[in-house]
Amino acid sequence: MTDLRARQRPDWQTWPNLITLVRFLLIPVFVVLVVQGHPGWALFSLVVLGVSDWADGFIARKFDQGSKLGTALDPVADRLAIIAVVLSLVLVGLLPWIVVVVIVLVDAVLALLSSVWFRGDPDLKVSWTGKIRSALLFVGLPVLLFSETGWASEHPWIRVTALVLVWLGTVGHVIAGAQYLAALIRKRRATTAA
């Protein structure tokens with residue numbers, strides 16, 4: 001009789017975690033493509049980043065492949081992708097630098113508190129505000145990149161629409177950050193009171 005435990009996969013060995021790893025690897029690829037002036041390929045890699053962000057969550061839920069590692073890595077991949085995309089667009093002059101400052105500042109505060117209070121793993125779920133924020137940024141940023149290519153560069157409304165979406169996403173980032181901070185504080189109080 002075979003031991004059932006021998007057939008069980010480790011918690012971290014899932015398809016969603018592999019997709020998240022691919023997302024981490026695609027981030028520097030996107031930055032290089034933008035900085036070297038390949039907006040078409042950069043746009044393609046950004047679309048793949050966005051689709052993979054949706055896919056890992058969908059597969060985790062649909063096939064019951066959620067894991068503690070995936071829960072921890074997914075928001076990190078989201079934040080790194082957003083920071084890298086925004087920073088690269090600032091470097092080539094497509095986006096105001098203040099967007100990077102706001103996003104990095106919010107993430108730095110949350111990362112510091114998570115590290116000090118929970119050793120980097122507070123085990124909190126991503127909020128709906130965070131998901132909407134990511135969606136706005138992952139639509140607005142590619143459209144901003146697209147606005148500088150060929151036909152789109154002749155239509156200023158495309159750039160304006162992209163900037164509106166990016167600014168809404170940035171505001172959403174601040175709101176999601178405040179919600180995450182409140183959740184961190186509640187969890188910290190609960191653990192110190194116990």
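Before any of the text, the structure's been laid out above.
Residues numbered from 1 in each chain as written. Predicted model: local features only at pLDDT ≥ 70, side-chain atom pairs only at ≥ 80, totals over all residues. Heavy atoms only, no water.

Chemist: Looking at this structure, how should I read the overall build of the protein chain?
Modeler: For the protein chain, the count of helices and strands is seven helices and zero strands. In terms of overall dimensions, the protein chain has a C-alpha envelope of 65 × 45 × 25 Å along the principal axes. Counting every position in the protein chain, which comprises 194 residues, the buried fraction comes to 40%. Counting every atom, the protein chain has about 11,400 Å² of accessible surface; 70% of that belongs to carbon and sulfur. Charged side chains in the protein chain number 17 positive and 12 negative. The centres of these two groups are separated by 9 Å. (Helix = DSSP H or I, 4+ residues; strand = E, 2+ residues; numbered from the N terminus. Buried < 20%, exposed > 50% of the residue type's maximum accessible area, 1.4 Å probe, protein only. Areas by Shrake-Rupley, 256 points an atom, 1.4 Å probe, with all protein chains shown as cover. Lys, Arg positive; Asp, Glu negative; His and termini not counted. Charge placed at Lys NZ, Arg CZ, Asp CG, Glu CD.)

Chemist: Just checking my understanding: could you explain the nonpolar core for this structure?
Modeler: Counting residues in each nonpolar core, the largest one holds 28 residues, and the members touching the most others are Phe30, Leu46, Val86, Leu89, Leu95, Leu141 and Leu145. Those elements giving two or more residues to this core turn out to be α2 (15–35), α3 (39–62), α4 (68–91), α5 (97–118), α6 (128–146) and α7 (156–193). Of all the elements, α4 adds the most residues to this core, at seven residues. Not counting chain neighbours up to four residues away, the residues in contact with Leu145 comprise Phe30, Pro39, Ala42, Leu43, Leu89 and Leu94. With eight residues, the next largest nonpolar core counts Leu110, Phe118, Leu124 and Tyr180 among its residues. (Core = buried A, V, L, I, M, F, W, Y, C linked by side-chain atoms within 4.5 Å. Contact = heavy atoms within 4.5 Å.)

Chemist: In this structure, what is going on with the side chain of Ser134? I would like to understand it.
Modeler: Locating Ser134 in the fold gives a position in helix α6. Residue classification places Ser134 among the buried positions, given a relative accessible area of 5%. With sequence-adjacent residues up to four places away left out, Ser134 is seen in contact with Asp78 and Ile82.

Chemist: In this structure, what is going on with α2? I would like to understand it.
Modeler: Residue pairs three or four apart in sequence face the same way in an α-helix, which turns once every 3.6 residues. Spanning 21 residues, α2 covers 31 Å between terminal C-alpha atoms, matching the ideal 30 Å at 1.5 Å per step. Of all the bends found along α2, the most pronounced is centred on Leu26 and spans about 25°, while Pro28, a proline, follows it within four residues. Where α2 begins, the capping side chain belongs to Thr14, and its oxygen is found 3.2 Å from the backbone nitrogen of Asn17. Positive phi appears at Gly37, one or two residues downstream of α2, with a value of about 80°. (Expected span 1.5 Å × (residues − 1). Bend = angle between axes of the 7 residues up to and from the residue. Polar contact = N/O pair within 3.5 Å; in protein donor to acceptor, adjacent residues only side chain to side chain.)

Chemist: In this structure, what is going on with the side chain of Asp107? I would like to understand it.
Modeler: Here Asp107 shows up in helix α5. Excluding residues that lie within four positions of it along the chain, Asp107 makes contacts with Arg79, Ile83 and His173.

Chemist: Mind showing me how you'd approach the pattern of salt bridges here?
Modeler: Close approach of charged atoms lets side chains of opposite charge pair. For the coordinates displayed, the defined rule picks out three salt bridges. For Arg23, the salt bridge is made with Asp78, and the minimal N-O distance between the two is 2.3 Å. Pair noted here: Arg23 is in helix α2 and Asp78 is in helix α4, with a separation of 55 residues, a long-range link. The residues Arg23 and Asp78 share a single accessibility class, namely buried. Here Glu148 makes a salt bridge to Arg159, at a shortest N to O gap of 4.0 Å. (Salt bridge = Lys/Arg side-chain N within 4 Å of Asp/Glu carboxyl O.)

Read these as geometric descriptors, not functional statements.
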